[in-house]
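# Breakdown of the fold
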Amino acid sequence: MTTELAVSLWRGAEHGRYETYRVPLRSSQTVLDVVTFVQRHIDPTLSYRFACRVGVCGSCAMTVNGKPRWTCRTHIAKVAGNGKLEIGPLENLPVIKDLTTDMQPFFEKWQRAKGAFTPTQTRHDAIAQIKPDTPARKAADEAIECINCGVCYAACDTVRWNGDYLGPAALTRAWTLVNDERDGGNIARLQAIAGAGGCHACHSHQSCQELCPQALNPTAAIAALKRRTAAAYLKGEIKI
Amino acid sequence: MNVRLYVWQRATAAVMAPLVMVHIAVIFYATRHGMSAADILGRTRGSIAWAAFYGLFVLAVSIHASIGVRNVLSEWTPLNERRVDACAVFFGLVLAVLGLRAVAAVVLP
C-alpha cells in the first residue's frame, strides 16, 4: 500500500517551475493539509494563502490537477486517485509567489460591476421587512452564498481570453443586488454590466457552475442579467 | 458584445426562426414536386410576397451574422474595436448586397 504522495507545487512567480515533494498519506487528508505539511516540514519558504480551513473564508483556492478548487474542503482521495498531485496558483490572476495570486483584479471587477449595496434608507428608519419566499429574494438568497474564492473566475474561458470581462463572481454579486428590494442602485448597476466586458460577453460554457464549491450557478445568474439588461435597454432605462 | 448588439442578435434570430422553417418547407415542396427552374421563377417573378419574405430573410441574416463575426474577431484577433466594427459592417453589407441581388434575380419580372 502506498504511504506517500508525490506532490508537485508551483514555485516562483509568473515564470517559475513545478517542484516535487514527498508527503506522507493520511486518512481524510485535504489538499490544504498537504500544502501545509510541505510548508511546515520541508520548505518553510513556500507561500500560500488560507484562513479558516473549513470552507467559509474562500481564501485557499488553488489549481489542483488542472482544476480550480477550494483546497481546505478537497480531499486527496477525490483528486489524486493515481497518487499524483499537481498544485498551482489560480489561473487568470497575477501570481505573487508560489501558490498565492494577486486578487486585486478580481475585486476591482466587483467594484466595476457595482457590487456594493446602495442603501435607500438610513439607520433611523425601521428595519425593512423582507418576505423570504418571493422569487427575487430566493434568487438573492442563493447567489449570496458566494464566498469570493475566485474558483469560478479561474475556471472561466471568457475571462481567459477577454481580460475586460467582469467574470462570474462579480456578475453573480450584481445579480444578488438586482434582486434585493432594499437596494437603490440598480439602474447604474445594469448600466455598468451592459457594455463591453459585461454580462453579454458570457458564452455560457458553465465551467463556473461545474466547479463552484458552493454549488452556485453563476451561468444562470448571468443569463438572467442578460434578460434584465435587455429589458432595461428596451425601456430606455439604460443607454449604450 | 454589449446589450444593444445582444438585442439585435436575439431579435434577428427570432425573425429568422420561422423564416428558416418556411424556407426548408419550400425546398422540400419544390424538390418533391419535381419543379423546374422555370416553374419556380414562374411563381416568384412579380411576387411581392416572396420579395418581402426573402428580402426580410436576407436583412435578418446580414445583421445576425455580422454581429456574430464581430464577436469572433473581437475575441480571437488583435484588431482594435474600431477595426472590428469596420470589418463587421463590411461583412454585413456584403451579405446584404449579395442576398438582395439573389432575391432580385428571382422576383423581378
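Along each chain, the written sequence defines residue order, and numbers are assigned to residues from 1. Written order decides the labels, with chains lettered from A and ligands numbered from 1. Restriction of local features to residues with pLDDT of at least 70 applies here, the model being predicted, together with a cutoff of 80 or more for giving and counting side-chain atom pairs; totals for whole chains, interfaces and linings are based on all residues. Excluded from the side-chain calculations are hydrogens and water; all other atoms, namely the structure's heavy atoms, are used.

This paragraph deals with the pairing of strand S1 (residues 4-12) of chain A. All names here are of chain A. Here's how the labels work: a residue is buried when its accessible area is under 20% of the maximum for its type, exposed when over 50%, partly exposed in between, all with a 1.4 Å probe on protein chains only. By the criteria applied, helices consist of DSSP H or I runs no shorter than four residues and strands consist of E runs no shorter than two, each listed in order from the N terminus. By the criterion of burial, S1 is predominantly enclosed, with seven of the nine residues buried. Sheet topology note: the S1/strand S2 (residues 16-24) ladder contains nine bridges and is antiparallel. Bridge pairing links Val7 to Tyr21 in S2. Taken together, S1 and the strand that follows it, S2, pair antiparallel across an intervening segment of three residues. For two strands to pair, DSSP has to find at least two bridges joining them. By the bridge criterion, four bridges tie S1 to strand S5 (residues 84-88) in an arrangement that is parallel. For Leu9, the partnering residue across the bridge sits in S5 and is Ile87.

Moving on, we come to the domain arrangement of chain A. All names here are of chain A. Segmentation of chain A into domains returns domain 1 (4-101) and domain 2 (104-234). Note: domain ranges come from an automatic or database domain assignment. For domain 1 and domain 2, the distance between their C-alpha centroids amounts to 29 Å. With 14 residues of domain 1 at the interface, the matching set in domain 2 holds 17 residues. Defined here as a combined quantity, buried area equals the accessible surface (1.4 Å probe) lost by two parts on assembly, summed across both. For the pair domain 1 and domain 2, the two sides together bury roughly 1200 Å², of which 66% comes from carbon and sulfur. Together, Pro68, Trp70 and Asn92 form the three largest contributors to the area buried by domain 1 at its contact with domain 2, with a combined 46%. Throughout this description, the term salt bridge denotes a Lys or Arg side-chain nitrogen within 4 Å of a carboxyl oxygen of Asp or Glu. Put simply, domain 1 and domain 2 have one salt bridge between them. Residues Arg160 and Glu91 are paired through a salt bridge, measuring 3.5 Å at the closest nitrogen-oxygen approach. In terms of residues, the side of domain 1 that touches domain 2 owes the most to one element, strand S4 (residues 67-70), which gives four residues. The criterion used for residue contact is that any of the two residues' heavy atoms lie within 4.5 Å.

This next bit is on the nonpolar core. Counting 48 residues, the largest nonpolar core has Phe106, Tyr165, Leu171, Trp175, Ile193 and Leu225 of chain A as the members making the most contacts within it. Sorting the residues of this core by element identifies helix H3 (104-112), helix H4 (135-143), helix H5 (151-155), helix H7 (168-178), helix H8 (186-193), helix H9 (207-211) and helix H10 (218-234) of chain A together with helix H1 (3-32) of chain B as the ones contributing at least two each. Here this core spans two domains, and each of domain 1 (4-101) and domain 2 (104-234) of chain A adds at least three residues to it. We call a set of buried Ala, Val, Leu, Ile, Met, Phe, Trp, Tyr and Cys residues a nonpolar core when their side-chain atoms join them within 4.5 Å. Trp10, Tyr21, Tyr48 and Cys72 of chain A belong to the second largest nonpolar core, which has 25 residues in total.

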